[in-house]
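Structural overview
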2 protein chains.
Amino acid sequence: MSNTTDLNDKQIQILHVAETLFADKGFDGTSIRTIAKEAKINIAMVSYYFGSKERLLESLILYRTKDLKESIGSLVTDDSPPLEKINKLITIYIHQINANKGIYRILHFEIATKKRDLNLKAFTELRRGNLKTLALIVEEGQKAGVFQKEIAVDLLTPTILGTFFHFHMNKAYFVDLLKLHTDELYENYILTNLTKHIQQTIKALLIYES
Amino acid sequence: MSNTTDLNDKQIQILHVAETLFADKGFDGTSIRTIAKEAKINIAMVSYYFGSKERLLESLILYRTKDLKESIGSLVTDDSPPLEKINKLITIYIHQINANKGIYRILHFEIATKKRDLNLKAFTELRRGNLKTLALIVEEGQKAGVFQKEIAVDLLTPTILGTFFHFHMNKAYFVDLLKLHTDELYENYILTNLTKHIQQTIKALLIYES
């Protein structure tokens, strides 16, 4: 995957167009030709910039997850108490993913269906990096005697992200159950109640000694 | 949807064949004709039994989730302490879903992509029923003074199921991270470590007063 900090304006424009098309028509339903046409850029240029459609998706994933990497990484040098850092980390995850539902939806379906020739090494490294940050914060809390000793750090992210994704993947069910019948109510619920629930869950798990 | 308790052997045979085909080729990639052929049953008979392919999927969902409904429902009259009931509920969910990954995968993708004319009223009722059981157990624990008072019952299931699904949907990542390189290691991890993590998480949330 190309380094996303090196992307030029044209490349970013292509990624935005591709993202919309992938979200609307799926990865399979979108051709390089359509992307080029919608972006009003010569098809040869699109191929020159990204190579195949798979490589373009890889670049898109890195482009959209770069902010997450930077925000999570900045927590290492943040000097708030450990629990506050965990709360910040959860808020960052939810805001970031909630604001980029398109790419996470694509990621989710394209990765989970596993039929792609995708090299997600850079994305895996990003996840490993985020996990390392989380492990450092947990260790800090344990050393300070604030967190309990038996914490399965590797399983914290599945609980944080899984709760969010399960809620969002079952949107129709929860809209009905919780009477969130406008987009505003739904978005607001995610950023308040759901975020608070995830923070309380992780806090309880980190602090409560069973 | 037809009542799944009324299904005859032929109908059950058709559902099994359809489940395998949906999982292999996707819902769109599978025709009633192929299902009939694989099941060695006249196509007119398949249509007679289920109507459309959408109705067949609805029947399949109910058929595969019937056990879950019964197991969760039986907790209402179980006389273990509330926390033990919650642990049982989590074990039931994970065992049931883990043993029926095929249908949950189909459900997940077909519901989340939302392009289907599916009437999932009976499935929604099942979920509401399970939620009611969970709410009763939580209330029981609160009345007994074992659980804290501020519990968002509606968000417990997203945490229980979301943690499991996020783990499983990112199987390749976790297989690598946790070195679960055989199916046995992976399955065993789900039924021990992951289940325990979810139980500890929910226990901490129910008991810890923040």
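Everything numeric in this text was worked out from a predicted model, so none of it was measured.

**Here's the deal with the overall build of chain A**
Summing up its helical and strand segments, chain A has 10 helices and zero strands in all. Scanning chain A from its N terminus toward the C terminus, one meets helices and strands in the order α-α-α-α-α-α-α-α-α-α. In terms of principal-axis extent, the alpha carbons of chain A reach across some 60 × 40 × 30 Å. For chain A, the proportion of its 210 residues judged to be buried stands at 51%. Within chain A, residue pairs in contact and separated by at least 24 positions form 68% of the contacts whose partners lie at least 6 positions apart. Surface accessibility of chain A: about 10,000 Å² in total, with carbon and sulfur atoms responsible for 50%.

**Some points on the relation of the copies chain A and chain B**
Mapping chain A onto chain B calls for a screw motion: a turn of 180° about the axis and a shift of 0.1 Å along it, with 0.1 Å RMSD after fitting. In short, the pair behaves as if placed about a two-fold rotation axis. Minimal C-alpha separation from the rotation axis in chain A is found for Gly 162 of chain A, amounting to 2.0 Å. Interface overlap between copies: 100% of the residues of chain A at the interface are likewise at the interface in chain B, consistent with a symmetric, same-surface contact.

**Quick look at the interface of chain A and chain B**
If you look at the interface, chain A gives 39 residues, while chain B gives 39 residues. For the interface between chain A and chain B, the tally reads two salt bridges. Arg 128 of chain A is the partner of Asp 176 of chain B in a salt bridge, and the nearest nitrogen-oxygen pair spans 3.2 Å. At the junction of chain A with chain B, the criterion picks out 10 residue pairs in polar contact (both at pLDDT 80 or more). The set of elements that each furnish at least two residues to the side of chain A that touches chain B consists of α6 (101-113), α7 (121-143), α8 (156-169), α9 (171-177) and α10 (183-207) of chain A. The residue inventory of the side of chain A that touches chain B, partitioned by class, reads 20 nonpolar, 13 polar and six charged.

**A short note on the pattern of salt bridges**
All names here are of chain A. For the structure on display, the rule yields 16 salt bridges over all chains. Between Glu 58 and Arg 55 there is a salt bridge, and its shortest N-O distance comes to 2.9 Å. Taken together, the positions of Glu 58 and Arg 55, both in helix α4 (residues 53-73) and three residues apart, correspond to about one turn of that helix. Classification of Glu 58 by relative accessible area gives buried; the value is 1%.

**Regarding the UniProt feature "DNA-binding region" (unreviewed entry) in chain A**
With numbering aligned to this structure, UniProt lists the feature "DNA-binding region" (unreviewed entry) at residues 31-50 of chain A. Taken end to end, residues 31-50 of chain A is 80% helix and 0% strand, and its two terminal C-alpha atoms sit 13 Å from one another.

Procedures and definitions
- Residues numbered from 1 in each chain as written.
- Chains lettered and ligands numbered in written order.
- Predicted model: local features only at pLDDT ≥ 70, side-chain atom pairs only at ≥ 80, totals over all residues.
- Heavy atoms only, no water.
- Helix = DSSP H or I, 4+ residues; strand = E, 2+ residues; numbered from the N terminus.
- Buried < 20%, exposed > 50% of the residue type's maximum accessible area, 1.4 Å probe, protein only.
- Contact = heavy atoms within 4.5 Å.
- Areas by Shrake-Rupley, 256 points an atom, 1.4 Å probe, with all protein chains shown as cover.
- Least-squares fit on C-alpha atoms with pLDDT ≥ 70 in both.
- Salt bridge = Lys/Arg side-chain N within 4 Å of Asp/Glu carboxyl O.
- Polar contact = N/O pair within 3.5 Å; in protein donor to acceptor, adjacent residues only side chain to side chain.
- Nonpolar A, V, L, I, M, F, W, Y, C, P; charged D, E, K, R; others polar.
- UniProt positions renumbered as here; feature names shortened; annotations may be inferred.

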